[in-house]
Amino acid sequence: MIRHPLAWGVWATAVLAAAFIDRNPYLQGLLLLVVVNAFLPYRGRRRVGTWKLALALALVPVLFSVALSRFGQHVLFTLPAIPIIGGRWTLDAVAFGASTGLALLLTVAVFAVVQTTVRSADVVAILPRPLYRAGTTVALALAFAPKTLAAFQSIREARQLRGQRTGWRSVPALLLPLLLTTLERALQYGESLDARGFGSGRRSRYRPLRWTAPDLLVLIASLAALVAIAVLPGVPYNPYLELVPRVPNPDQLLAVGLLAVPAVTASLSRMDHAPHHA
Amino acid sequence: MPLITLDAVSYRYPEADRPALSDVTTTVEPGEVILLRGASGSGKSTLLRCLNGLVPHSTGGQFRGRVVVCGLDTREHPPRQLGIHIGFVFQHPEAQFVLEDVEAELAFGLENLGLARPLMRKRVEEVIDQVGINPLRRRRIGTLSGGERQRVAIAAALAMHPDALVLDEPTSQLDPQAAEDVLQVVLRLVAELGMTTVIAEHRVERIAPFVDRIWTLDGGVLRDQPPRVALAEGGARPPVVDLALRAGWTPIPLGLRDARVHAQRLPADPTPRPSPPRGEGDFRDGSGPIICRVDGLDHRYDTVPAVQGVSLTLCRGQVVALMGRNGSGKTTLLRLVAGLMRPQRGTVTHEGIAAYVPQDADSLLFAPTVHEELRGQSAEVVAPFAAWLHRYPRDLSSGERQQLAIALMGTRADLLLLDEPTRGLDPQVKRALTAYLRTRADAGAGILVATHDVEWAARTADRVLLMADGEIYADGAPGSVLSDSLVFATQISKLVGGGWLLPEEVPL
């Protein structure tokens, strides 16, 4: 399995570059397939709540674009002169919103893959010594994010249990207890770090992270994809969407193929291990 | 020469109106095992944090006297330097893990010390064997159970080769078997390595036979006594000690092994356990009107079943204890009954108002003072909290916060659902909780309590449900369910059998 944070970092950059440089829907669809297949082998028994959030997030640009943008010639209908939403509602705006939503979905999916595959210990291990403290702080902060979200839900539920308002209007009332909870936890982490000698002197490394063949393969393939997409693009950068999309160029298809290397490697690895489990 | 010296230590938290510790003077010799006990809010955690310098370096406040650890004065040396000498295990293990892999976590402290790689490897391997966590070494922390996490936390502290191990209620969140596993690890370290250990623990029955001295904190004042003297005086103590005091056994047995010698003198064939007297309107036997009906309940998280085919009825006037190991589905069942989650299959119906008090009572408290939290409550509810009214709720001890949350939620409820309400509570507060639940049940409420506390359940519950793998596999009176079980049995039941659960019940 691929483990090196640098390999995953370059892969994630290449996927995001591909998703945002050209908004071709065929290309975005293929990229989504690639990302989902890269995620599945590492998913284990994790919950898939992130995907629901990503899908909800993807709908937002569609709604905003169709309601606020008057771009395009393909008019769906025209609203009377109501402030903000009045005027022509176009198919072009729907398509542009959908494309932006898909790019956002891809972004969330890429970060889900990175969060699942990259271990904070590995990130800290590859950092240069001067960046060690900052790296540990970032690793802690990343570990903190889901706990903060859980604390928010717990406080929201507690208000519900006590018969208090829980809708969006209650958010300001939730922020103070959330802040207090977060600060208390941060202090606990601080105490733990202190009690375990953090920052007491020159630090050593228990197990330096080594490059494996799959790591190197993913790194090289992702770099090649990045070059094909960003450095030698067959199509110039164009943030606007063509209503009738063209078929992706061969170099774009090649780049998507290269980005599928993590999924292919994981599948081969599983096939290799399958007889042992039989 | 003592390993740890506390010399006239007094400490007051910033803005506190009374000291948390008052003139504490004692020593710990190398290899000694000290049990620290005391009521909720008596200063146990504060005292333990003095030993590695977190008090006052991390907390501020007024500190007087001195604590010397391995020749280092904690006022002059920060916790990161004292961490080499004192291995500290916190009450909530998740609050001390920095990385997400077990092996990386074990090595984290060693890396901070700048040790050479071969030495680190050797220490990690040693500690994995000592604590018996080899199957866990490649696991992610997030996938571990509560007991496994606490064992990893002990191993991480131990890997630094500390001179002493300090544990702050390491089993407070664990089921009996997981707590037993963790305490066995501690006792093995004591026996095999002669590890100097200071442990704050409410489950004294498991640890009492192995301690050299008992520190009892009362309002910040420390009494340092031999175990038999301390336990005879009162406070948290094993049920066999209560039985011994009743029966006049000397010397007082500290554990089951010592007690068995004396127990041979008990009547060979004790009379059958009598049913508790029942008055008019007393529905402890479940004959009261049904308040909640659960029918064919199923719930799963992704592919993992949490509750499977659970059907039960709860009656007014009855206190029901729901027990089972960590992860057996207790909390999910309570949340489903409370209506906080929608069951994927089956139905839950109940009468009146249902109130659920979660394990983490902190989330229920968000006002600036206890007085504000209790606004609108009757004088009867407010009265027990009169001394705390001006205090900030989160400054209360965990036991005090739990009491406040239960009072807030339980007053108007017809169906009261409590999740681990005795966590961190001292015996006196537990008794008060028992009395409170009894009063509520007698007033017609139905009560379902998820708990790991076997002794408290035996004293409080009219009915016990045992749950495993999302299913209820035993349901009955405490006398039958808790005496049949190997894991969920009281100490007295293990000693005398015959369905007797509590020391005061045993015929002499």
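Residues numbered from 1 in each chain as written. Chains lettered and ligands numbered in written order. Predicted model: local features only at pLDDT ≥ 70, side-chain atom pairs only at ≥ 80, totals over all residues.

## Remarks on the overall build of chain B
Scanning chain B for helices and strands turns up 19 helices and 19 strands. In terms of overall size, chain B behaves like a compact globule, its C-alpha atoms giving a radius of gyration of 23 Å where 508 residues would be expected to give roughly 23 Å. On the principal axes, the C-alpha backbone points of chain B span a range of 65 × 55 × 50 Å. Relative to its 508 residues, chain B shows a buried fraction of 53%. Taking contacts inside chain B between residues at least 6 apart in sequence as the whole, the part at least 24 apart equals 68%. (Helix = DSSP H or I, 4+ residues; strand = E, 2+ residues; numbered from the N terminus. Rg over C-alpha atoms; globule rule 2.2 N^0.38 Å. Buried ≥ 20, exposed ≤ 12 C-beta atoms within 10 Å, placed from the backbone. Contact = placed C-beta atoms within 7 Å.)

## Remarks on the overall build of chain A
A tally of helices and strands in chain A yields 10 helices and two strands. If you list the helices and strands of chain A from N to C, you get α-α-α-β-β-α-α-α-α-α-α-α. Counting every position in chain A, which comprises 278 residues, the buried fraction comes to 32%.

## Considerations on the nonpolar core
Core analysis: the largest hydrophobic core is formed by 214 residues, its most contacted members being V15 and L259 of chain A together with A155 and L417 of chain B. For this core, the element with the highest residue contribution is helix α4 (residues 91-117) of chain A, accounting for 11 residues. Counting only domains with at least three residues in this core, you end up with domain 1 (4-237) and domain 2 (290-476) of chain B. Here L417 of chain B is in contact with L334, V337, A338, A354, A355, Y356 and L448 of chain B, once residues within four sequence places are set aside. (Core = buried A, V, L, I, M, F, W, Y, C linked by C-beta atoms within 7 Å. Domains from an automatic or database assignment.)

## A closer look at the interface of chain A and chain B
A common way to report how large an interface is uses the accessible area buried once the components associate. Facing the 38 residues of chain A at the interface are 42 residues of chain B. Of all the secondary-structure elements, those providing two or more residues to the side of chain A that touches chain B are α5 (120-126), α6 (132-161) and α7 (171-195) of chain A. Among the elements that take part in the side of chain A that touches chain B, α7 of chain A stands out by supplying 13 residues, more than any other. Grouping the constituent residues of the side of chain A that touches chain B by class yields 14 nonpolar, 12 polar and 12 charged. (Nonpolar A, V, L, I, M, F, W, Y, C, P; charged D, E, K, R; others polar.)

## As for helix α2 (residues 25-43) of chain A
When the terminal C-alpha atoms of α2 of chain A are compared, their 26 Å separation across 19 residues agrees well with the 27 Å that a helix rising 1.5 Å per residue should span. Taken residue by residue, α2 of chain A has L27, Q28, L30, L31, V34, V35, A38 and F39 of chain A as its buried positions. (Expected span 1.5 Å × (residues − 1).)

## Re the sheet that holds strand β5 (residues 72-73) of chain B
All names here are of chain B. Strand order across the open sheet formed by four strands is β2-β1-β4-β5, with antiparallel pairing between neighbours. Each having just a single partner strand, β2 (21-28) and β5 make up the two edges of the open sheet. Sheet topology places strand β4 (residues 62-69) next to β5; two bridges connect them, and they run antiparallel. When the sheet's bridge partners are listed, V69 is paired in β5 with L72. In the packing of helix α1 (residues 44-51) onto the sheet, the strands contacted are β1 (4-12), β2 and β4, and the crossing angle to β1 comes to about 130°. (Pairing = 2+ DSSP bridges. Axes fitted to C-alpha atoms, helices over the stretch in contact; angles between N-to-C directions.)

## Remarks on the domain arrangement of chain B
Residue and element names in this part refer to chain B. Along its sequence, chain B is carved into domain 1 (4-237) and domain 2 (290-476). The C-alpha-based centres of domain 1 and domain 2 are spaced at 30 Å. Between domain 1 and domain 2, the residue contacts involve 16 residues of the former and 17 residues of the latter. For the side of domain 1 that touches domain 2, the secondary-structure elements that each account for two or more residues are α6 (146-158) and α7 (176-193).

## A short note on the environment of V55 of chain B
All names here are of chain B. Within the secondary structure, V55 sits in helix α2 (residues 54-57). A tally of 25 C-beta atoms within 10 Å means that V55 is categorised as buried. When sequence neighbours within four positions are dropped, the list of residues in contact with V55 reads Y11, T46, R49, C50 and F63.

## Section: unusual backbone geometry
Residue and element names in this part refer to chain B. Cis geometry is adopted by the peptide bond preceding P56, which originates at V55 and carries an omega value of 10°. As for its position among the elements, P56 is in helix α2. Although it is not a glycine, E169 sits at a positive phi angle of roughly 45°. Following the sequence through the fold, E169 ends up in the loop between β7 (164-168) and α7. Among the residues examined, E169 registers 22 C-beta atoms within 10 Å and is labelled buried. Although it is not a glycine, E420 adopts a positive phi angle of roughly 50°.

## Points about the confidence of the model for chain B
Looking at chain B, the pLDDT average stands at 89 and 96% of residues meet or exceed 70. Reported confidences for the modelled complex are a pTM of 0.81 and an ipTM of 0.79. (pLDDT = per-residue confidence, 0-100.)

## Comments concerning the sheet that holds strand β14 (residues 345-350) of chain B
Residue and element names in this part refer to chain B. If you walk across this open sheet you meet the three strands as β12-β11-β14, and the pairing is antiparallel. Two strands in the sheet have a free side with no partner beyond their single neighbour: β12 (304-315) and β14. Averaged over all adjacent pairs, the angle separating strand axes in this sheet is 15°, with direction ignored. Of the pairings in the sheet, the one linking strand β11 (residues 290-301) to β12 comprises eight bridges and is antiparallel in character. What sits directly across from L297, in β12, is V310.

## Let's talk about the packing of helix α8 (residues 213-231) of chain A against helix α9 (residues 250-259) of chain A
Residues and elements named next belong to chain A. One way to put it is that α8 packs onto α9 with a least axis distance of 8 Å and a crossing angle of 155°. Overall, the two elements α8 and α9 adopt an arrangement that is roughly antiparallel. Crossing geometry of α8 relative to α9 is assigned as left-handed. When α8 is examined against α9, the residues A221, S222, A224, A225, A228 and I229 are found in contact with a partner set consisting of D251, L254, A255, L258 and L259. Along the lines of polarity and charge, the residues of the contact of α8 with α9 split into nine nonpolar, one polar and one charged. (Parallel < 35°, antiparallel > 145°, perpendicular 65-115°, else oblique. Left-handed = near helix turned anticlockwise from the far one by under 90°.)

## A look at the packing of α2 of chain A against α9 of chain A
Residues and elements named next belong to chain A. One way to put it is that α2 packs onto α9 with a least axis distance of 9 Å and a crossing angle of 15°. If you check the angle between α2 and α9, you find them roughly parallel. At the point where α2 passes α9, the crossing takes the right-handed sense. Contacts between α2 and α9 involve L27, L30, L31 and V34 from the former and Q252, V256 and L259 from the latter.

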